[in-house]
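Structural overview for review
Single-letter residue listing:
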Amino acid sequence: MTTTSPAPFAAETGSPAAAEFREVTQRFGDFTAVDRMDLTIGAGQFTTLLGPSGCGKTTSLRMLAGYTRPTEGRILINGQDATTLPPEKRGLGMVFQSYALFPHMTVAENVGYGLKLRKVGRVDREAQVTEALEMVGLAHLARRKPRSLSGGQQQRVALARAIAIRPTVLLLDEPLSNLDARLRVQMRSEIRRIQSETGLSVVLVTHDQDEALEMSDDMVVMKSGQIMQQGHPADVFSAPANRFVADFLGYENFLTTSQGITLAIRPEHLQVQDTETDAVDEALNLRATVTDVAYRGVDTLLMLRARDPSGEEVDLLAETRGEDPGRYTPGDNLTASAPRHRLVQLGDD
Amino acid sequence: MTRRSTFVLLLVPGLLFLLLGFILPALGVLFAAPGATTEDIFSRLVQMFTDPYDLRIIGRTVGLGLVVTALCLVLGFPIAYLLARSESRWAGVLLALAIFPLLLSNVVRTFGWLVVLGSNGAIGQLSMALGLTDSPPQLLYTSFAIIMGLTQLFLPLAIVACYSAISQVEAGLDDAARGLGAGRTRTFWDVVVPLSLPGVVVAATLVFAGSVTAYTTPYLLGGSRQRMLATELYSYSSVTIDWAAASATAIVMTVLVVLVSGLAARLGRKGATT
Amino acid sequence: MTSRKPIAASLAVLGYMIMIVPILFVVAAAFTSGSSLRFPPEGFSLQWFEAAAGHTPFRAALLTSLQLALLSTGLALAVGVPATLAIHRGKLPGKGFIEGLFLSPLIIPELVVGLALFQQLIVTYRIDNFPVLLLGHTALLLPYAVRVTGAALAGSDESLEEAARGLGASPMRTFFSVTLPVLRPGIFSAGLLGFITSFNNVPLSLLLQARDTRTLPISMLDYVQQSYDPMIAAVSTLILAGTVVIAIIAERTVGFTRIFGGINR
């Protein structure tokens, strides 16, 4: 199960690794779900695998948990080769998208199941179950059956069940996707709190960039079975490596310079001025025509048509705050500008 | 891996039962009946389609099967429709009442018609009491009796199959059709019927296959006058001991059922209920 | 629900009459004090129930039927549930074919299967009637076992088992502590359905009977052919009562329409 040998240090970061993927490939027939992936999960870190569906993030998580065996490559947990280890020997805690609570057991029995398998005595077990349930604020529902709980409560029970076994790594497979928007935001901070209280290494799989940005220490953006970019959320957000990552993180405007370099600009960083004379120094200025206006309450979206520095026609999107919604109408001519430091230079995909 | 071989091992006992209790004996009927060669069986098979007596029995079996199928759909679909679309709390009870006969022995259910249709039975006595007839009418041992008996037997199957299909058609579609100006009847024919057609096909297949292979009903209600394939098969293999004829009859029955099921599977989508 | 759909409503009433009325007449006939199946019944008495209870062939046949139904249901579940597990969880190649194989006894007419077993095993190999009956009934019930428990398995979340494994349970332990409990309603449904199917069966048992191994429905058919008195009505009424009890058990546990109609409401 879990090993007590000292964790080796990941080459790049210098922080101890809880788990590692080494040249891992997973094929299902002709389809390559994960393609020669190298990844280090830092110990005590909150790592997020982010990407659209089909990018290989869930497959990676399932390989780490031991539910699917990689076609090629090795998976290390705590420095030990776990590639062929069955899931029950890995000592990881997994929270499933469907929660997967045992319908025939009470909440307490669900949470205590892993402890029972570890032959923890009844008294200790009850104490640890209560502790885990208290951590998610559900100790009062211990005797209920899962079916009688709300979706949010079931989610918490699943979380308590996974942390009760004190896993080497806590794995979360889109755990918040079945919750309504408000509960989702609340659960994000709760999961963060539990992570910092327990010091657990966590791997979260999600397709929601807000979730990834808010929760992770380390963010891994994936596409077609490959890692596009890995780093601290703030770094990835402010400096996406390529157009895919930029697109996924909400960059809407892409321009090509006369040297053929691609620049990305977030819609909230594109400002509009009425006349050319208002053009801002130290900024990129483009003549643009309004094609559509969408009022959204806190801001107004302007859809613009412009010619980028390379001479191509491009569609732009600008978010303007505090403007009178009736100020712009389709057909208006104006200047769109973005300060130099808001221009993000992208590499190739 | 070892995982796969474990699962294969789990299949073995079941496959063994299938092989010994079903597949091998069934093949034997075709090729190795005791005291009858394959040629005997096939020449008897050819004879069945030329001999007027045999042809009459095949014709009666198929004909009654078709009548019963039609009757079960005509009666079963409206019941299923009313039950599926009803919001009354009695709908559940009525549904259970329609399904309950499926649990009850065919012998018991068919025996009821002896009481109803027999010469001292309810209909006979009633028609005499009303002065309609002087002597009780001959109702038993007629095709009418068999049709009634088989309809009683298979109507629940038709209801269940249609009900499953109709309840999968969103009631919102009915509302949408009504909202667009279709009347109640129009909605029924334009929306409900086409969308629940796969269920109707399943129902028809089950009823037809059941009717052409049923034994108890023609035995009790048809007697020696209204012989069908099933009763013939029994007497060939238990009374006259004509193995070639028994095998040939079995083959005709099986082909009939498999043919209709295959046709239905192609017609509607796949999926049967019982 | 009937007021505004007159045609459908009258067809429905006719349908219910055909399904139900003959059964009511059987019950009425069972309590007659007369000696024939005459309508209306002549007076009230329980004499035909007494006669039925004392009729040795019926008592023996009931015992045979109960033994056969219990054994074949048990066997079908014992071999069918593991097979279902392999079909739905084994990720085996040819899954559709294997499942089709287990459902195949539904396609061939039971009378034909009966003939096959009679010819091949009783006539050719001179095997005793009861083992052949048991083999035939088990093969007949396998489709029910595989389909009903399969539906329960397909309807349950496969990540339940994965969760158990992740928490440290071995495959065996996972089966007994998670899969089997989750399957329990499905197994129970399949069991009830199998019992009823075997107990009521005529066409398969018909050719496989012997003088001392005759099931209840078959000996009722034999009796009707010989004499035409209300004793069969009494036996039928008793069977009806037993069936009602099973229906009530079904309703109190998994749900009557779910088990016997395959309908989830």
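So, how was this worked out
Residues numbered from 1 in each chain as written. Chains lettered and ligands numbered in written order. Predicted model: local features only at pLDDT ≥ 70, side-chain atom pairs only at ≥ 80, totals over all residues. Helix = DSSP H or I, 4+ residues; strand = E, 2+ residues; numbered from the N terminus. Buried ≥ 20, exposed ≤ 12 C-beta atoms within 10 Å, placed from the backbone. Contact = placed C-beta atoms within 7 Å. Nonpolar A, V, L, I, M, F, W, Y, C, P; charged D, E, K, R; others polar. Pairing = 2+ DSSP bridges. UniProt positions renumbered as here; feature names shortened; annotations may be inferred. Axes fitted to C-alpha atoms, helices over the stretch in contact; angles between N-to-C directions. Parallel < 35°, antiparallel > 145°, perpendicular 65-115°, else oblique. Domains from an automatic or database assignment. pLDDT = per-residue confidence, 0-100.

Take the overall build of chain A next. Looking only at helices and strands, chain A has eight helices and 18 strands in total. Its C-alpha atoms give chain A principal-axis dimensions of roughly 80 × 45 × 35 Å. Considering chain A as a whole, with its 349 residues, one finds that 42% of them fall into the buried category. Sequence-distant contacts, at least 24 apart, represent 65% of the contacts inside chain A between residues at least 6 apart.

Looking only at helices and strands, one finds 12 helices and zero strands in chain C. Reading chain C from its N end, one meets helices and strands in the order α-α-α-α-α-α-α-α-α-α-α-α. Dimensions of chain C along its principal axes, counting C-alpha atoms only, are 70 × 60 × 30 Å. Taken over 265 residues, chain C has a buried fraction of 51%. Counting only contacts in chain C whose residues sit at least 6 apart along the sequence, the fraction spanning at least 24 positions is 72%.

On to the interface of chain A and chain C. In this assembly, 18 residues from chain A lie in contact with 14 residues from chain C. Considering every element that reaches the side of chain A that touches chain C, the biggest residue donor is helix H2 (residues 107–117) of chain A, with three residues. Grouping the constituent residues of the side of chain A that touches chain C by class yields 13 nonpolar, three polar and two charged.

Either a parallel or an antiparallel arrangement is found when strands of a sheet pair, and the pairing is made through backbone hydrogen bonds. Residues and elements named next belong to chain A. With antiparallel pairing, four strands are arranged side by side in an open sheet as S2-S1-S4-S5. Each edge of the open sheet is held by one strand with a lone partner, namely strand S2 (31–42) and strand S5 (80–81). By the bridge criterion, two bridges tie strand S4 (residues 72–77) to S5 in an arrangement that is antiparallel. Bridge pairing in S5 links Ile 77 to Gln 80.

Once that is clear, we can look at the UniProt feature "domain: ABC transmembrane type-1" (unreviewed entry) in chain C. Under the UniProt annotation, the feature "domain: ABC transmembrane type-1" (unreviewed entry) is placed at residues 62–250 of chain C. A helix fraction of 80% and a strand fraction of 0% characterise residues 62–250 of chain C, whose end C-alpha atoms lie 22 Å from each other.

In this section: the sheet that holds strand S6 (residues 93–95) of chain A. Residues and elements named next belong to chain A. Ordered in space as S6-S7-S8-S3-S9-S10, the six strands form an open sheet in which the pairing is mixed. Single-partner strands in this sheet number two, and they are S6 and strand S10 (226–231). Between one strand axis and the next, the sheet turns by 15° as a mean value, whatever way the strands run. As paired elements, strand S3 (residues 46–50) and strand S9 (residues 218–223) share four bridges and run parallel to each other. Considered in S9, the bridge of Thr 47 is made with Asp 218. Most of the contacts of helix H4 (residues 151–164) go to S6, to which it runs at about 170°, and overall it touches S6 and strand S7 (169–173).

With that settled, consider the interface of chain C and chain B. The partner chain B presents 79 residues to the 75 residues of chain C that form the contact. It is helix H1 (residues 6–30) of chain C that contributes the most residues to the side of chain C that touches chain B, 13 residues altogether. Residue classes in the side of chain C that touches chain B are distributed as 58 nonpolar, 15 polar and two charged.

A few words on the packing of helix H12 (residues 229–238) of chain B against helix H5 (residues 110–124) of chain C. Packing of H12(B) against H5(C) leaves a shortest axis separation of 11 Å and a crossing angle of 10°. Taken together, H12(B) and H5(C) sit at an angle that is classed as roughly parallel. Residue-level contacts link B:Ala230, B:Leu233 and B:Ser237 of H12(B) to C:Leu111, C:Leu115 and C:Phe118 of H5(C). The residue makeup of the contact of H12(B) with H5(C), split by class, is five nonpolar, one polar and no charged.

Further remarks concern the UniProt feature "domain: ABC transporter" (unreviewed entry) in chain A. Mapped onto the present numbering, the UniProt feature "domain: ABC transporter" (unreviewed entry) falls on residues 19–249 of chain A. From the first C-alpha to the last, residues 19–249 of chain A spans 26 Å; its make-up is 37% helix and 26% strand.

Below, the discussion takes up the domain arrangement of chain A. Residue and element names in this part refer to chain A. Considered domain by domain, chain A is made up of domain 1 (17–92 + 167–244) and domain 2 (251–346). Taken over C-alpha atoms, the centre of domain 1 sits 35 Å from the centre of domain 2. Between domain 1 and domain 2, the residue contacts involve four residues of the former and six residues of the latter.

Looking now at the UniProt feature "transmembrane region" (unreviewed entry) in chain C. Residue and element names in this part refer to chain C. Residues given the UniProt feature "transmembrane region" (unreviewed entry) here are residues 7–31, 66–88, 100–122, 134–154, 175–196 and 231–250. In residues 7–31, helix accounts for 96% and strand for 0%; the two terminal C-alpha atoms are 37 Å from one another. In residues 231–250, helix accounts for 100% and strand for 0%; the two terminal C-alpha atoms are 29 Å from one another.

The subject of this paragraph is the confidence of the model for chain C. Here chain C shows a mean pLDDT of 91. Residues at 70 or above account for 97%. The complex model carries a pTM of 0.83, and its ipTM stands at 0.92.

Relative to the helices and strands, A:Ile261 resides in the loop between strand S11 (253–256) and strand S12 (262–265). When the C-alpha atoms of A:Ile261 and A:Leu346 are compared, they prove to be 7.5 Å apart, with 85 residues separating the residues in sequence.

Right, let's get into unusual backbone geometry. Residues and elements named next belong to chain B. Despite not being glycine, Tyr 141 has its phi angle at roughly 60°, a positive value. Of note, Ile 241 is a non-glycine position whose phi angle comes to about 45°, a positive value. With respect to the helices, strands and loops of the structure, Ile 241 is situated in the loop between H12 and helix H13 (243–267). Among the residues examined, Ile 241 registers 13 C-beta atoms within 10 Å and is labelled partly exposed.

For this structure, the chain pair with the highest number of contacts among two pairs of chains in contact is chains B and C. If you take every C-alpha in chain A and every C-alpha in chain B, the smallest gap between them is 11 Å, and the two do not touch.

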